[in-house]
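Structural features, examined
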Amino acid sequence: YTVSSWFKLIKTLFFYSLIGFFVNFQPSEPYLSVYLTTEKSISKEELNNKVYPWDTYGSLVALLLVGSLVEFIGYRLTIVLGLFCREATRLILIFGDGVAWMSAMQATYAVGIGVNTVYFAYVYELVPEQDYRRATALLLTVYHVGSLFGSLLGELLYAHFNVPLSTLFYISLTCTCLLYTSDAADD
């Protein structure tokens, strides 16, 4: 490595890892069921029978199509599509009402999650083969640390400071929006 190529690799991995961090830094995530029953007035029966199954259906479709999508539009655009689906999930959660909208939210979430395989695989396009293990470890670590910190923030705000659930969902929306400020795709 030259100094400039090493710096570019570190910069690329840093910004690419930020995508994983912010996609999982969702303080609202542990409170989804509570939010849907209290704020969106959806019964537990409706959640279990009409809303949550759409995650399963969406996952099936997403997993079948994501590989083909990568072949047609490439890694980056597939990842961007997944990020848009995650953004749609957050927007529907905040602004949508009723079982139909929450079912759509589960479907968009499933597609966003389905694109994770592409997100984790794309790192092998970004780094030389000798750095695969380090890059994979970094990516997975930052991804899961985002989940940990998001959950801790949600617990702190909701359970200890009595912040309204809707605020947690706005924070999650903001974190999802931060994904678009990353210049990871500009390498």
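Residues numbered from 1 in each chain as written. Predicted model: local features only at pLDDT ≥ 70, side-chain atom pairs only at ≥ 80, totals over all residues. Heavy atoms only, no water.

Thoughts on the packing of aromatic side chains
The full count for this structure, using the stated rule, is 13 aromatic pairs. Taking 4.6 Å as the distance between ring centres and 55° as the angle between the ring planes, the aromatic pair formed by Tyr31 and Tyr158 counts as tilted. Of this pair, Tyr31 sits in the loop between α1 (3-24) and α2 (32-38) while Tyr158 sits in helix α8 (residues 132-161), and the two are 127 residues apart along the sequence. When its relative accessible area of 10% is taken as the criterion, Tyr31 is described as buried. (Phe/Tyr/Trp six-rings, centres within 6.5 Å; stacked < 30°, edge-to-face > 60°. Helix = DSSP H or I, 4+ residues; strand = E, 2+ residues; numbered from the N terminus. Buried < 20%, exposed > 50% of the residue type's maximum accessible area, 1.4 Å probe, protein only.)

Things to note about unusual backbone geometry
You will see that Ser41, though not glycine, has its phi angle at about 55°, which is positive. Here Ser41 shows up in the loop between α2 and α3 (44-51). Note on Ser41: relative accessible area 62%, which makes it exposed. The phi dihedral of Asn162 falls on the positive side, at around 55°, and the residue is not glycine. With respect to the helices, strands and loops of the structure, Asn162 is situated in the loop between α8 and α9 (165-178). The class for Asn162 is exposed, based on a relative accessible area of 64%.

Looking at the packing of helix α4 (residues 53-73) against helix α6 (residues 99-114)
At their nearest, the axes of α4 and α6 sit 7 Å apart, and the two run at 35° to each other. The handedness of the crossing between α4 and α6 is right-handed. The residues of α6 that touch α4, namely those facing Trp54, Asp55, Gly58, Ser59, Ala62, Leu63 and Val66, are Ser103, Gln106, Ala107, Tyr109, Ala110, Val111 and Gly114. Residues that form the contact of α4 with α6 fall into these classes: eight nonpolar, five polar and one charged. (Axes fitted to C-alpha atoms, helices over the stretch in contact; angles between N-to-C directions. Left-handed = near helix turned anticlockwise from the far one by under 90°. Contact = heavy atoms within 4.5 Å. Nonpolar A, V, L, I, M, F, W, Y, C, P; charged D, E, K, R; others polar.)

Section: the state of the cysteines
All chains considered together, the criterion is met by zero disulfides. A disulfide-free cysteine, Cys177 has its sulfur positioned 9.2 Å from the sulfur of Cys175, the nearest such atom. Residue classification places Cys177 among the partly exposed residues on the basis of a relative accessible area of 34%. (Disulfide = S-S within 2.5 Å.)

Thoughts on the nonpolar core
Counting residues in each nonpolar core, the largest one holds 25 residues, and the members touching the most others are Tyr16 and Ile79. Broken down by secondary-structure element, the contributors of at least two residues to this core are α1, α4, α5 (75-95), α7 (116-126) and α8. For this core, the leading source of residues is α1, giving seven residues. One finds Leu47, Val51, Ile92 and Phe169 within the second-largest nonpolar core, a separate group that totals 18 residues. (Core = buried A, V, L, I, M, F, W, Y, C linked by side-chain atoms within 4.5 Å.)

Some details on α8
Helix length check: α8 (30 residues) gives 42 Å between terminal C-alpha atoms against 44 Å at 1.5 Å per residue, within 8%. Every buried residue of α8 is accounted for by Ala135, Leu139, Tyr143, Gly146, Gly150, Gly154 and Leu157. On its buried face, α8 is in contact with α1, α5, α7 and α9. Looking at the residues trailing α8, positive phi occurs at Asn162, about 55°. (Expected span 1.5 Å × (residues − 1).)

Remember, this is a structural readout, not a statement about activity or role.
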